[in-house]
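Chain residues, written in single-letter form:
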Amino acid sequence: MTDPIFHNEAKALAHIEAQRWPDGEPICPHCGSTHITKMGGKTQAGMFLCNDCRDKFTVRTGTVMERSHIPLHKWLLATHLMAASKKGMSALQMSRMLGITYKSAWFLCHRIREAMDKANDTGPLGGPGKVIESDEAFVGGFKKKRLSGNVAPKKKIVTLVERGGPARSFHITNIDHTTIRAALVTNCHRSSVLMTDDARFYNNIGREFAAHGTTLHSNREFSRGDGHHSNTAENFFSILKRGVIGTYHHWSAAHTHRYLAEFDLRYSTKDKSDTDRANDILKGMEGRRLTYRRIGLLAA
Ligand SMILES: [Zn+2]
(Lines give C-alpha, C1' and ligand atoms only; values in the text may rest on other atoms or scores of the structure.)
Protein backbone atom coordinates (compact mmCIF):
# COMPACT_ATOMS: atom_id res chain seq x y z
CA MET A 1 0.00 0.00 0.00
CA THR A 2 2.89 2.35 0.68
CA ASP A 3 4.52 1.41 -2.63
CA PRO A 4 4.79 4.56 -4.81
CA ILE A 5 3.15 2.72 -7.73
CA PHE A 6 -0.14 3.14 -5.83
CA HIS A 7 0.25 6.92 -5.53
CA ASN A 8 2.54 8.16 -8.27
CA GLU A 9 1.27 8.06 -11.87
CA ALA A 10 4.74 7.96 -13.50
CA LYS A 11 5.82 5.07 -11.24
CA ALA A 12 2.55 3.27 -11.95
CA LEU A 13 3.05 3.67 -15.69
CA ALA A 14 6.59 2.30 -15.49
CA HIS A 15 5.41 -0.68 -13.44
CA ILE A 16 2.60 -1.63 -15.82
CA GLU A 17 4.88 -1.24 -18.84
CA ALA A 18 7.47 -3.50 -17.19
CA GLN A 19 4.80 -6.15 -16.53
CA ARG A 20 3.46 -6.03 -20.06
CA TRP A 21 6.82 -5.81 -21.81
CA PRO A 22 9.29 -7.55 -19.48
CA ASP A 23 12.13 -7.27 -22.00
CA GLY A 24 11.80 -3.50 -21.86
CA GLU A 25 10.85 -3.47 -25.53
CA PRO A 26 7.27 -2.37 -26.27
CA ILE A 27 5.40 -4.45 -28.83
CA CYS A 28 2.87 -2.77 -31.11
CA PRO A 29 -0.58 -4.12 -30.16
CA HIS A 30 -1.83 -3.33 -33.66
CA CYS A 31 0.73 -5.19 -35.79
CA GLY A 32 3.17 -6.91 -33.42
CA SER A 33 6.15 -4.84 -34.52
CA THR A 34 8.99 -4.04 -32.14
CA HIS A 35 10.17 -1.04 -34.19
CA ILE A 36 8.82 1.47 -31.74
CA THR A 37 9.60 5.10 -30.97
CA LYS A 38 8.81 6.45 -27.55
CA MET A 39 7.15 9.82 -27.89
CA GLY A 40 8.35 12.72 -25.80
CA GLY A 41 6.77 15.58 -23.91
CA LYS A 42 4.44 15.74 -20.97
CA THR A 43 1.27 15.51 -23.01
CA GLN A 44 2.47 12.33 -24.67
CA ALA A 45 3.68 10.51 -21.58
CA GLY A 46 3.35 6.77 -22.13
CA MET A 47 2.67 7.20 -25.84
CA PHE A 48 4.47 5.07 -28.41
CA LEU A 49 4.61 5.29 -32.17
CA CYS A 50 4.91 2.14 -34.27
CA ASN A 51 7.39 2.65 -37.09
CA ASP A 52 5.79 -0.10 -39.16
CA CYS A 53 2.04 0.52 -39.04
CA ARG A 54 2.48 4.19 -37.97
CA ASP A 55 -0.23 3.76 -35.34
CA LYS A 56 0.10 5.11 -31.81
CA PHE A 57 -0.46 3.16 -28.64
CA THR A 58 0.00 3.19 -24.88
CA VAL A 59 0.27 0.41 -22.31
CA ARG A 60 -3.53 0.57 -22.01
CA THR A 61 -4.14 -0.23 -25.70
CA GLY A 62 -5.63 -3.68 -26.24
CA THR A 63 -6.29 -4.25 -22.54
CA VAL A 64 -9.23 -3.86 -20.17
CA MET A 65 -7.75 -0.44 -19.29
CA GLU A 66 -8.26 0.94 -22.79
CA ARG A 67 -10.55 3.98 -22.85
CA SER A 68 -10.61 4.10 -19.05
CA HIS A 69 -10.17 7.56 -17.55
CA ILE A 70 -9.11 6.15 -14.20
CA PRO A 71 -5.43 6.91 -13.48
CA LEU A 72 -3.07 3.96 -13.67
CA HIS A 73 -2.05 4.20 -10.01
CA LYS A 74 -5.71 3.67 -9.08
CA TRP A 75 -5.89 0.71 -11.42
CA LEU A 76 -2.88 -0.75 -9.64
CA LEU A 77 -4.32 -0.13 -6.19
CA ALA A 78 -7.64 -1.67 -7.19
CA THR A 79 -5.87 -4.69 -8.69
CA HIS A 80 -3.82 -5.15 -5.55
CA LEU A 81 -6.92 -4.92 -3.35
CA MET A 82 -8.73 -7.49 -5.46
CA ALA A 83 -5.68 -9.76 -5.35
CA ALA A 84 -5.27 -9.46 -1.59
CA SER A 85 -8.82 -9.53 -0.22
CA LYS A 86 -9.93 -13.05 0.61
CA LYS A 87 -13.62 -12.25 0.41
CA GLY A 88 -13.51 -9.81 -2.49
CA MET A 89 -14.13 -6.07 -2.64
CA SER A 90 -17.54 -4.58 -3.22
CA ALA A 91 -17.92 -1.64 -5.60
CA LEU A 92 -18.89 0.51 -2.61
CA GLN A 93 -15.70 -0.35 -0.71
CA MET A 94 -13.67 0.22 -3.87
CA SER A 95 -15.26 3.61 -4.58
CA ARG A 96 -14.35 4.77 -1.06
CA MET A 97 -10.81 3.43 -1.20
CA LEU A 98 -10.11 5.03 -4.58
CA GLY A 99 -12.19 8.18 -4.31
CA ILE A 100 -14.16 7.44 -7.49
CA THR A 101 -17.89 7.12 -8.10
CA TYR A 102 -19.73 3.91 -7.35
CA LYS A 103 -20.50 3.43 -11.03
CA SER A 104 -16.82 3.83 -12.00
CA ALA A 105 -15.77 1.46 -9.23
CA TRP A 106 -18.34 -1.13 -10.24
CA PHE A 107 -17.14 -1.13 -13.84
CA LEU A 108 -13.48 -1.09 -12.76
CA CYS A 109 -13.99 -4.16 -10.56
CA HIS A 110 -15.65 -6.07 -13.38
CA ARG A 111 -12.79 -5.27 -15.75
CA ILE A 112 -10.31 -6.53 -13.17
CA ARG A 113 -12.38 -9.71 -12.81
CA GLU A 114 -12.23 -10.10 -16.58
CA ALA A 115 -8.42 -9.98 -16.30
CA MET A 116 -8.57 -12.49 -13.43
CA ASP A 117 -10.53 -14.81 -15.71
CA LYS A 118 -7.80 -14.59 -18.35
CA ALA A 119 -5.06 -15.06 -15.74
CA ASN A 120 -6.80 -18.21 -14.51
CA ASP A 121 -6.96 -19.69 -18.00
CA THR A 122 -3.85 -21.84 -17.68
CA GLY A 123 -4.95 -24.75 -19.86
CA PRO A 124 -6.67 -28.03 -18.98
CA LEU A 125 -6.72 -29.17 -15.36
CA GLY A 126 -5.21 -32.42 -14.19
CA GLY A 127 -3.18 -34.97 -16.10
CA PRO A 128 -1.61 -38.37 -15.36
CA GLY A 129 -1.35 -38.95 -11.61
CA LYS A 130 -3.40 -35.88 -10.79
CA VAL A 131 -6.71 -35.74 -8.97
CA ILE A 132 -9.61 -33.50 -9.99
CA GLU A 133 -12.50 -32.92 -7.66
CA SER A 134 -15.84 -31.95 -9.11
CA ASP A 135 -18.51 -30.62 -6.80
CA GLU A 136 -21.66 -28.54 -6.95
CA ALA A 137 -23.25 -26.01 -4.66
CA PHE A 138 -26.08 -23.52 -4.49
CA VAL A 139 -24.78 -20.04 -3.80
CA GLY A 140 -26.54 -16.78 -2.96
CA GLY A 141 -30.26 -16.12 -2.97
CA PHE A 142 -31.01 -14.63 0.39
CA LYS A 143 -34.43 -14.30 1.84
CA LYS A 144 -33.99 -10.55 2.13
CA LYS A 145 -36.72 -9.13 -0.03
CA ARG A 146 -35.77 -6.92 -2.90
CA LEU A 147 -37.85 -3.90 -3.92
CA SER A 148 -39.65 -6.12 -6.37
CA GLY A 149 -40.59 -8.46 -3.54
CA ASN A 150 -38.84 -11.32 -5.30
CA VAL A 151 -36.16 -13.42 -3.71
CA ALA A 152 -33.13 -13.79 -5.94
CA PRO A 153 -32.78 -17.46 -6.83
CA LYS A 154 -29.73 -19.36 -5.67
CA LYS A 155 -27.12 -19.90 -8.38
CA LYS A 156 -26.10 -23.41 -9.28
CA ILE A 157 -22.34 -23.61 -9.38
CA VAL A 158 -20.07 -26.45 -10.34
CA THR A 159 -16.43 -26.18 -9.45
CA LEU A 160 -13.53 -28.27 -10.68
CA VAL A 161 -10.44 -28.25 -8.52
CA GLU A 162 -7.16 -29.95 -9.24
CA ARG A 163 -5.75 -31.06 -5.89
CA GLY A 164 -2.81 -28.85 -5.11
CA GLY A 165 -3.59 -26.85 -8.27
CA PRO A 166 -6.04 -24.45 -9.87
CA ALA A 167 -9.81 -24.19 -9.57
CA ARG A 168 -12.37 -23.39 -12.25
CA SER A 169 -16.03 -22.71 -11.59
CA PHE A 170 -19.09 -22.42 -13.73
CA HIS A 171 -22.57 -21.06 -13.31
CA ILE A 172 -24.87 -23.71 -14.74
CA THR A 173 -28.59 -23.88 -15.38
CA ASN A 174 -29.01 -27.49 -14.34
CA ILE A 175 -27.00 -29.86 -12.24
CA ASP A 176 -27.20 -32.91 -14.44
CA HIS A 177 -25.12 -35.29 -16.52
CA THR A 178 -25.05 -33.13 -19.66
CA THR A 179 -23.87 -29.85 -18.11
CA ILE A 180 -21.42 -31.39 -15.65
CA ARG A 181 -19.91 -33.60 -18.34
CA ALA A 182 -19.51 -30.60 -20.66
CA ALA A 183 -17.66 -28.67 -17.97
CA LEU A 184 -15.42 -31.63 -17.16
CA VAL A 185 -14.42 -32.74 -20.65
CA THR A 186 -13.73 -29.22 -21.91
CA ASN A 187 -11.58 -28.28 -18.92
CA CYS A 188 -9.82 -31.43 -17.76
CA HIS A 189 -7.38 -34.03 -18.98
CA ARG A 190 -9.18 -37.34 -18.98
CA SER A 191 -5.96 -39.02 -17.85
CA SER A 192 -6.78 -37.59 -14.40
CA VAL A 193 -8.42 -39.32 -11.47
CA LEU A 194 -11.89 -37.90 -10.90
CA MET A 195 -13.21 -37.52 -7.35
CA THR A 196 -16.88 -36.70 -6.89
CA ASP A 197 -19.73 -37.23 -4.51
CA ASP A 198 -22.07 -40.17 -5.01
CA ALA A 199 -24.54 -38.36 -7.31
CA ARG A 200 -25.72 -40.90 -9.84
CA PHE A 201 -24.94 -38.79 -12.94
CA TYR A 202 -21.23 -39.09 -12.18
CA ASN A 203 -21.24 -42.87 -12.83
CA ASN A 204 -21.03 -42.59 -16.62
CA ILE A 205 -18.80 -39.51 -16.63
CA GLY A 206 -16.40 -41.24 -14.25
CA ARG A 207 -15.77 -44.01 -16.77
CA GLU A 208 -14.26 -41.50 -19.17
CA PHE A 209 -11.47 -40.74 -16.70
CA ALA A 210 -8.44 -42.78 -15.67
CA ALA A 211 -10.22 -43.63 -12.44
CA HIS A 212 -13.24 -42.43 -10.51
CA GLY A 213 -13.54 -42.22 -6.74
CA THR A 214 -16.58 -41.13 -4.77
CA THR A 215 -17.09 -39.74 -1.32
CA LEU A 216 -20.33 -40.15 0.53
CA HIS A 217 -22.39 -37.13 1.36
CA SER A 218 -25.37 -38.68 3.03
CA ASN A 219 -26.34 -35.36 4.58
CA ARG A 220 -24.81 -32.92 2.12
CA GLU A 221 -26.62 -29.67 2.75
CA PHE A 222 -26.50 -30.11 6.47
CA SER A 223 -22.82 -30.95 6.59
CA ARG A 224 -21.83 -27.85 4.64
CA GLY A 225 -20.30 -24.88 6.33
CA ASP A 226 -19.26 -26.35 9.66
CA GLY A 227 -15.62 -25.87 8.73
CA HIS A 228 -14.57 -29.47 9.31
CA HIS A 229 -13.82 -30.59 5.77
CA SER A 230 -10.53 -31.56 4.29
CA ASN A 231 -12.26 -31.84 0.93
CA THR A 232 -10.64 -29.44 -1.53
CA ALA A 233 -13.73 -28.46 -3.50
CA GLU A 234 -15.75 -27.93 -0.33
CA ASN A 235 -12.99 -25.70 0.94
CA PHE A 236 -13.33 -23.62 -2.23
CA PHE A 237 -17.08 -23.35 -1.75
CA SER A 238 -16.78 -22.24 1.85
CA ILE A 239 -14.53 -19.34 0.75
CA LEU A 240 -16.93 -18.49 -2.09
CA LYS A 241 -19.96 -18.53 0.19
CA ARG A 242 -18.27 -16.33 2.75
CA GLY A 243 -17.45 -13.87 -0.05
CA VAL A 244 -21.01 -13.86 -1.32
CA ILE A 245 -22.44 -13.39 2.16
CA GLY A 246 -19.89 -10.85 3.36
CA THR A 247 -19.22 -8.81 0.24
CA TYR A 248 -21.40 -9.47 -2.76
CA HIS A 249 -24.96 -9.29 -1.62
CA HIS A 250 -26.42 -8.76 -5.04
CA TRP A 251 -25.12 -11.14 -7.58
CA SER A 252 -26.90 -10.93 -10.88
CA ALA A 253 -26.85 -13.94 -13.15
CA ALA A 254 -25.30 -11.92 -15.97
CA HIS A 255 -22.13 -11.28 -13.94
CA THR A 256 -21.87 -14.52 -11.99
CA HIS A 257 -19.14 -15.97 -14.22
CA ARG A 258 -16.94 -12.92 -13.50
CA TYR A 259 -17.37 -13.18 -9.72
CA LEU A 260 -16.51 -16.85 -10.00
CA ALA A 261 -13.38 -16.00 -11.98
CA GLU A 262 -12.31 -13.72 -9.14
CA PHE A 263 -12.60 -16.49 -6.53
CA ASP A 264 -11.10 -19.06 -8.89
CA LEU A 265 -7.99 -17.00 -9.55
CA ARG A 266 -7.36 -16.26 -5.87
CA TYR A 267 -7.78 -19.95 -5.10
CA SER A 268 -5.55 -21.07 -7.98
CA THR A 269 -2.77 -18.75 -6.85
CA LYS A 270 -3.22 -19.19 -3.09
CA ASP A 271 0.42 -20.17 -2.67
CA LYS A 272 1.62 -16.94 -4.30
CA SER A 273 2.18 -13.59 -2.63
CA ASP A 274 -0.41 -10.85 -3.10
CA THR A 275 2.11 -8.95 -5.23
CA ASP A 276 2.74 -11.91 -7.54
CA ARG A 277 -1.00 -12.51 -7.84
CA ALA A 278 -1.59 -8.84 -8.69
CA ASN A 279 1.08 -9.07 -11.38
CA ASP A 280 -0.61 -12.19 -12.80
CA ILE A 281 -3.83 -10.16 -13.03
CA LEU A 282 -1.99 -7.33 -14.81
CA LYS A 283 -0.77 -9.81 -17.42
CA GLY A 284 -4.36 -11.06 -17.77
CA MET A 285 -5.50 -7.56 -18.75
CA GLU A 286 -4.00 -7.93 -22.20
CA GLY A 287 -6.29 -9.25 -24.89
CA ARG A 288 -9.47 -8.70 -22.92
CA ARG A 289 -12.00 -5.91 -23.36
CA LEU A 290 -15.17 -5.13 -21.55
CA THR A 291 -17.31 -2.18 -22.50
CA TYR A 292 -19.66 -0.51 -20.10
CA ARG A 293 -22.36 -0.54 -22.72
CA ARG A 294 -22.08 -4.31 -23.01
CA ILE A 295 -22.18 -5.15 -19.32
CA GLY A 296 -24.49 -2.26 -18.44
CA LEU A 297 -27.11 -3.73 -20.76
CA LEU A 298 -26.61 -7.16 -19.25
CA ALA A 299 -27.12 -5.78 -15.78
CA ALA A 300 -30.38 -4.06 -16.67
ZN1 LIG B 1 2.31 -1.44 -35.46
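Predicted, not measured: the structure shown is a model, and the values here were computed from it.

Caption draft 1: Region of the structure containing the sheet that holds strand β8 (residues 211-215). On the basis of which strands lie adjacent, the open sheet formed by 5 strands has the order β6-β5-β4-β7-β8 and mixed pairing. Of all the strands in the sheet, just β6 (167-172) and β8 have a single pairing partner and so form its edges. Here the strands of the sheet are splayed against their neighbours by 25° on average, with no regard to which way each runs. Two elements, strand β4 (residues 131-139) and strand β5 (residues 155-162), share 8 bridges in a ladder whose sense is antiparallel. The partner of Ile132 across the bridge, within β5, is Glu162.

Caption draft 2: Layout of the coordination of the zinc ion. At 2.2 to 2.3 Å from the zinc ion lie its protein donor atoms, namely Cys28 (SG), Cys31 (SG), Cys50 (SG) and Cys53 (SG). Coordination at the zinc ion comes from 4 donor atoms whose angles at the metal span 104 to 116°, giving a geometry best classed as tetrahedral. For the zinc ion, all donor residues lie on one chain, and their spacing in sequence is C-x2-C-x18-C-x2-C. Of the two residues, Cys31 is situated in the loop between α1 (9-20) and β1 (36-38) and Cys50 in strand β2 (residues 48-50); the sequence distance between them amounts to 19 residues.

Caption draft 3: Highlighting the side chain of Arg258. Following the sequence through the fold, Arg258 ends up in helix α9 (residues 256-268). Within polar-contact distance, the side chain of Arg258 engages the side chain of Glu114 at 3.1 Å.

Caption draft 4: Representation of the packing of aromatic side chains within the structure. Applying the stated criterion across every chain yields a total of 6 aromatic pairs. Taken together, a centroid distance of 6.1 Å and an interplanar angle of 70° make the contact between Trp21 and Phe57 edge-to-face. Highlighted residues: Trp21 in the loop between α1 and β1 and Phe57 in strand β3 (residues 56-57), separated in sequence by 36 residues. As far as burial versus exposure is concerned, Trp21 and Phe57 are alike and both buried. Measuring from centroid to centroid gives 4.8 Å for Phe201 and Tyr202, while their planes differ by 45°, and the two rings are tilted. For Tyr202, a relative accessible area of 0% corresponds to the buried category. Among the aromatic residues, ring-to-ring pairing joins Trp21, Phe48 and Phe57 into one connected group. Above the face of the Phe107 ring, Arg111 is positioned so that its terminal group lies 3.7 Å from the ring centre. Geometry around Tyr267 places Lys270 over its ring, the cationic atom sitting 4.2 Å from the centre.

About the thresholds
- Residues numbered from 1 in each chain as written.
- Predicted model: local features only at pLDDT ≥ 70, side-chain atom pairs only at ≥ 80, totals over all residues.
- Heavy atoms only, no water.
- Pairing = 2+ DSSP bridges.
- Helix = DSSP H or I, 4+ residues; strand = E, 2+ residues; numbered from the N terminus.
- Axes fitted to C-alpha atoms, helices over the stretch in contact; angles between N-to-C directions.
- Donors = N, O, S within 2.8 Å, 3.2 Å for Na, K, Ca; no water.
- Tetrahedral: all angles 85-135°; square planar, octahedral: opposite > 155°, others 65-115°.
- Polar contact = N/O pair within 3.5 Å; in protein donor to acceptor, adjacent residues only side chain to side chain.
- Phe/Tyr/Trp six-rings, centres within 6.5 Å; stacked < 30°, edge-to-face > 60°.
- Buried < 20%, exposed > 50% of the residue type's maximum accessible area, 1.4 Å probe, protein only.
- Lys NZ or Arg CZ within 6 Å of the ring centre and 35° of its normal.

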